[in-house]
Amino acid sequence: MATETNFSEQTINLVLLGRKGSGKSRTGNTILGSNEAFKFGYQIETNSCAVERASRFDRHLRVIDTPGTDTFSPEESVKLRKHISEKSKGNIIYLLCIKIGRFTEEENNLINQYIRYIGQDFEKATIVIFTHLDEWISDSQDQGILEPKFEDFIATLDKNSIQLLNKFDMRYKPLNNRKSGNDELVKQIICMAEQITRQPSVSRAVTQRQCEPEVESQSILCCNFM
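Residues numbered from 1 in each chain as written. Predicted model: local features only at pLDDT ≥ 70, side-chain atom pairs only at ≥ 80, totals over all residues. Heavy atoms only, no water.

- As recorded in an unreviewed UniProt entry, the protein chain goes by the name AIG1-type G domain-containing protein, listed as coming from Mytilus edulis.

See below:
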């Protein structure tokens, strides 16, 4: 299980959202640094919200996993808000998990439902996590692309998908949850989350570039991790 610790109002609350099979639970495990925090697999179905806590990189994290869904109704929004309020205090950051290569009309519809029923705060407090990066790389190599780049995937997205990413101020990260050694990427996600919560006005966006490591030092981030 994830490491328990004493949590304060400064805890970073991360809520995992997305369709079934989008990699939500494994993303939560990657962020928490534990493969046993949330159960995952095709035979495992998350039917209710689950919460795990950990202290990583001198940050207190509270991660809430939610049931995968293909549609999001006003009733489900009420349930989600109730679960979140019971399990967390303070600002909420949403991690919207999308299987890379599957940014389809169904995903677009679900995202628009999240925006509509969670409210304007959803756009201002969401980071998109493109999961299953390993599968996409393997598929690309099978097609003769020996060194696929994630930026090339973004360049192939249609106008509607790009417009949705723009609503989140292009806050997104690719993630291979099967790979060990994701610490730098987790730090970047935490950095994005921290900067969102620190804005005096949430309308001031945190962009992708602000949370990328400097070229000179891959271990130094904008959030000054120790």
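1. Details of the overall build of the protein chain
Okay, so step 1: Within the protein chain, the secondary structure is distributed over eight helices and six strands.
Okay, so step 2: Counting from the amino terminus, the protein chain carries its helices and strands in the arrangement β-α-β-β-α-β-α-α-β-α-α-α-β-α.
Okay, so step 3: Residue burial in the protein chain is summarised as follows: out of 226 residues, 47% are buried.
Okay, so step 4: A separation threshold of at least 6 residues defines the contact pool for the protein chain, and within that pool the share at least 24 residues apart is 72%.
Okay, so step 5: When the accessible surface of the protein chain is split by element, carbon and sulfur atoms take 45% of a total near 12200 Å². (Helix = DSSP H or I, 4+ residues; strand = E, 2+ residues; numbered from the N terminus. Buried < 20%, exposed > 50% of the residue type's maximum accessible area, 1.4 Å probe, protein only. Contact = heavy atoms within 4.5 Å. Areas by Shrake-Rupley, 256 points an atom, 1.4 Å probe, with all protein chains shown as cover.)

2. Digging into the pattern of salt bridges
Okay, so step 1: Across all of its chains, the model carries 11 salt bridges by this definition.
Okay, so step 2: Lys82 is paired through a salt bridge with Glu86; the nearest N and O atoms lie 2.6 Å apart. Residue Lys82 and its partner Glu86 are both found in helix α2 (residues 74–87); the two are separated by four residues, about one turn of the helix. When sorted by exposure, Lys82 lands in the same class as Glu86, which is exposed. (Salt bridge = Lys/Arg side-chain N within 4 Å of Asp/Glu carboxyl O.)

3. Focus on the confidence of the model for the protein chain
Okay, so step 1: For the protein chain, the mean per-residue pLDDT works out to 81, and 81% of the residues sit at or above 70.
Okay, so step 2: At the low end of the mean pLDDT range in the protein chain sits α2, at 85; at the high end sits strand β5 (residues 126–131), at 96.
Okay, so step 3: Below pLDDT 50 for its whole length, residues 213–221 participates in 12 contacts with residues either more than four positions away or in separate chains. (pLDDT = per-residue confidence, 0-100.)

4. Some thoughts on the packing of aromatic side chains
By convention here, two paired aromatic rings are described through the distance between centres and the angle between planes.
Okay, so step 1: This model, assessed by the stated rule, comprises 11 aromatic pairs.
Okay, so step 2: Summarising the aromatic geometry, the rings of Tyr114 and Phe122 are spaced 5.5 Å apart at their centres and angled 40 degrees between planes, so their arrangement reads as tilted.
Okay, so step 3: Given a relative accessible area of 1%, Tyr114 falls into the buried group.
Okay, so step 4: Judged by its relative accessible area of 0%, Phe122 is buried.
Okay, so step 5: Here Phe150 and Tyr172 contribute two aromatic rings whose centre-to-centre distance is 5.8 Å and whose plane-to-plane angle is 55 degrees, an arrangement assigned as tilted. Taken together, the residues span a long stretch of sequence, with Phe150 in helix α6 (residues 150–156) and Tyr172 in strand β6 (residues 172–174) at a distance of 22 residues. (Phe/Tyr/Trp six-rings, centres within 6.5 Å; stacked < 30°, edge-to-face > 60°.)

5. Considering unusual backbone geometry
As a rule of thumb, non-glycine residues mostly have phi less than zero, and peptide bonds are mostly trans rather than cis.
Okay, so step 1: Non-glycine residue His132 carries a positive phi angle of around 60 degrees.
Okay, so step 2: Within the element layout of this structure, His132 appears in the loop between β5 and α5 (133–142).
Okay, so step 3: Phi angles above zero are rare outside glycine, and Met170 is one such case at about 60 degrees.
Okay, so step 4: Mapped onto the elements of the fold, Met170 is located in the loop between α7 (159–167) and β6.

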